[in-house]
Amino acid sequence: MVLKTGVGNRILNDVIRHNQTSGKMDWRVLVVDKLSIKMVSSCTKMHQLSAEGVTIVETLEKVRQPMANMEAIYLITPTEESVNTLINDFKSSTSSLYKAAHVYFTEAIPDQLFKSLSKSEAAKKMKSLVEVNISFTPYESQVFSLDCPPSYSLFYDSPSTPGQAAYLSKMAEQLATLCSTLGEFPSIRYRGDCDGTHQLAQVLQERLDKYKADEPTMGEGPEKAKSQLIILDRGFDITSPLLHELTFQAMAYDLLDINNDVYKYEASQGVVKEVILDENDDLWEELRHQHIAVVSQNVTKKLKKFNADKRIQSGNDKSSIRDLAQMIKKMPQ
């Protein structure tokens with residue numbers, strides 16, 4: 001399964017379309033927090049959301065205008081900050097931001113936060129409360145991130161260090177949601193020389209066993225091979241961080257000013273254009289993981305092929321030359 005496609009389908013089917021009246025479209029607001037917005041923006045397009053009745057996407061942490069005549073879909077992480085903001089959105093029946101709430105947590109909500117939510121005024125306005133178990137960000141079809149804060153020193157501290165157990169539990173839960181999304185129940189392998197990988201493997205196995213109990217067919221299917229999940233720490237490979245990656249994608253992000261996968265360049269004097277470097281760009285998808293020397297050769301071959309296909313005569317066909325110039329501008333810089 002292509003990871004981004006799978007997550008995008010789950011967002012549409014298990015969140016946006018959930019509780020929609022059959023044959024009738026109700027316009028609603030989608031509210032996301034600073035973590036879930038990365039997942040939504042990576043895996044769905046605004047036109048897809050609009051087609052499903054989402055009139056606007058708003059960020060939970062920002063000040064929002066009341067829309068008392070519309071229901072809201074909350075796709076948020078079950079953190080104290082996000083839950084408290086959700087509660088404040090419905091402090092009283094007269095000051096509620098929305099008509100009702102459909103709440104979808106990206107992972108299991110802790111018991112303490114669930115109790116606080118159930119005792120609040122927001123509980124009276126909630127029509128749905130679901131744990132969708134998608135707690136990671138797919139960046140590419142085969143690349144994901146857990147968006148964990150830098151905690152490497154915590155990972156290598158002694159097991160009694162405050163916060164380490166919570167850190168490992170959080171990471172294990174996120175990895176379990178990944179396996180659940182992919183429909184995999186893997187065998188776990190880890191580097192035995194590191195206590196941290198051993199502890200993470202144990203916690204992750206407990207999480208996977210719970211998911212398997214809820215969904216017995218997880219990891220099963222005709223001709224489905226047993227998958228392997230390998231847990232390694234940086235001590236397994238201390239050389240890679242000291243090397244400079246020479247693939248096209250790595251060098252582009254190292255040497256060019258690319259923000260949120262958007263590269264801006266000056267096409268002509270005073271004219272700035274931008275290109276989005278994602279998997280919708282076929283040329284970028286084809287070349288991004290190749291060595292820069294190979295990319296240089298392939299780009300030259302593609303230009304020659306384009307030249308031959310268009311039958312460009314040396315400077316005589318101005319229209320074809322403009323076509324070639326446009327193609328060059330569309331290529332990743």
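Above this note sits the structure.
The rules behind the values
Each chain has its residues counted from 1, running along the sequence as written. The model is predicted, so local features are restricted to residues of pLDDT at least 70 and side-chain atom pairs to those at 80 or more, both for listing and for counting; the totals for chains, interfaces and linings are taken over all residues. The basis for the side-chain values is all heavy atoms of the structure; hydrogens and waters are excluded. Strands are treated as partners if at least two bridges between them are detected by DSSP. The helix and strand labels rest on DSSP assignments: H or I over at least four residues marks a helix, E over at least two residues marks a strand, and numbering proceeds from the N terminus. The span you would expect from a helix comes to 1.5 Å times its residue count less one. Only protein chains enter the calculation, and the probe is 1.4 Å; a residue is then buried if its accessible area is under 20% of its type maximum, exposed if over 50%, and partly exposed in between. Put simply, two rings from Phe, Tyr or Trp (the six-membered ring, in Trp's case) pair if the centres are within 6.5 Å, and we call them stacked under 30 degrees between planes, edge-to-face over 60, tilted for the rest. Under this scheme, a helix contributes an axis fitted over its contacting stretch, all axes are lines through C-alpha atoms, and angles between N-to-C directions fall in the 0 to 180 degree range. For this analysis, residues touch if any pair of their heavy atoms sits within 4.5 Å. Note on definitions: the grid is 1 Å and covers protein atoms alone; a cavity is a set of points where a 1.4 Å probe fits but cannot get out; a pocket is an open set with protein on both sides within 12 Å along at least five of seven lines; lining residues have an atom within 4 Å of a point. Grid points are joined across faces, edges and corners, and a volume is the space filled by probe spheres set on the points. Note that Gly is not counted as nonpolar here; it falls among the polar residues with everything else outside the nonpolar set of Ala, Val, Leu, Ile, Met, Phe, Trp, Tyr, Cys and Pro and the charged set of Asp, Glu, Lys and Arg. Here, nonpolar core refers to any group of buried Ala, Val, Leu, Ile, Met, Phe, Trp, Tyr and Cys residues whose side-chain atoms link them within 4.5 Å. Salt bridge criterion: a side-chain nitrogen from Lys or Arg within 4 Å of a carboxyl oxygen from Asp or Glu.

**Details of the pairing of strand 6 (residues 137-140)**
Pairing analysis gives three bridges linking strand 6 to strand 7 (residues 143-145), with the strands arranged antiparallel. For Thr137, the partnering residue across the bridge sits in strand 7 and is Ser145. Remark: two residues form the turn of the hairpin made by strand 6 and strand 7, two consecutive strands paired antiparallel.

**Notes on helix 9 (residues 195-214)**
Taking 1.5 Å per residue as the helical rise, helix 9 with its 20 residues ought to reach 28 Å, and the 29 Å between its terminal C-alpha atoms agrees with that figure. Restricting attention to buried positions, one finds in helix 9 the residues Gly196, Thr197, Gln199, Leu200, Ala201, Val203, Leu204, Arg207, Leu208, Tyr211 and Lys212.

**Focus on the packing of aromatic side chains**
This model, assessed by the stated rule, comprises seven aromatic pairs. With a centroid separation of 6.4 Å and 55° between ring planes, the pair formed by Phe90 and Tyr98 is classed as tilted. In terms of burial, Phe90 and Tyr98 fall into one category: buried. Between Tyr253 and Trp284 the ring centres are 6.5 Å apart and the planes differ by 50°, which places this aromatic pair in the tilted class. Placement of Tyr253 in helix 10 (residues 248-255) and of Trp284 in helix 11 (residues 282-287) is noted, with a sequence separation of 31 residues between them. Residue Tyr253 is classed as partly exposed on the basis of its relative accessible area of 31%.

**Here we look at the sheet that holds strand 4 (residues 98-105)**
Read from one edge of the open sheet, five strands run 2-1-3-4-5, paired in parallel fashion. The sheet is open, and its two borders are formed by strand 2 (54-59) and strand 5 (126-131), each paired with just one other strand. Pairs of neighbouring strands in the sheet enclose a mean axial angle of 20°, with direction left out of account. Inspection of the sheet shows strand 1 (residues 28-32) paired to strand 3 (residues 67-76) by five bridges, in the parallel sense. In the strand pairing of strand 3, Leu30 is matched with Ile73. In this fold helix 1 (residues 3-16) packs onto strand 1, strand 2, strand 3 and strand 4, with an angle of close to 130° to the strand it touches most, strand 3.

**Observations regarding the layout of surface pockets**
Taken as a whole, the second largest pocket holds about 960 Å³ of empty space. Lining the second largest pocket are 29 residues, and of these Lys4, Ser41, Ser42, Tyr139 and Asp261 sit closest to its centre. Counting residues per element, the lining of the second largest pocket draws most heavily on helix 1, which supplies five residues. Here the lining of the second largest pocket is built from residues that sort into 10 nonpolar, 11 polar and eight charged.

**A look at the nonpolar core**
Within soluble globular proteins, side chains that are nonpolar tend to cluster in buried spots. Counting 39 residues, the largest nonpolar core has Ile16, Leu30, Leu75, Leu204 and Leu208 as the members making the most contacts within it. Every element with two or more residues in this core is listed here: helix 1, strand 1, helix 2 (36-43), strand 3, helix 8 (164-182), helix 9 and strand 9 (228-231). For this core, the element with the highest residue contribution is helix 8, accounting for eight residues. What Ile16 contacts, discounting residues up to four positions off in sequence, is Ile11, Arg28, Leu30, Leu49, Glu52, Val54 and Ile73. Among the nonpolar cores identified, the runner-up in size contains 21 residues, and Met70, Val83, Ala101 and Ala122 belong to it.

**What about the pattern of salt bridges?**
Note that side chains of opposite charge can pair when their charged atoms are close. What the rule picks out here adds up to 18 salt bridges. The partner of Asp89 in a salt bridge is Arg64, and the shortest N-O contact between them spans 2.9 Å. Taken together, the positions of Asp89 in the loop between helix 4 (80-88) and strand 4 and Arg64 in the loop between strand 2 and strand 3 put the pair 25 residues apart, joining distant regions of the chain. Like Arg64, Asp89 is buried. The closest approach of N and O atoms between Arg288 and Glu140, which form a salt bridge, is 3.4 Å. Highlighted residues: Arg288 in the loop between helix 11 and helix 12 (292-310) and Glu140 in strand 6, separated in sequence by 148 residues. Comparing Arg288 with Glu140 shows no difference in burial state: the two are buried.

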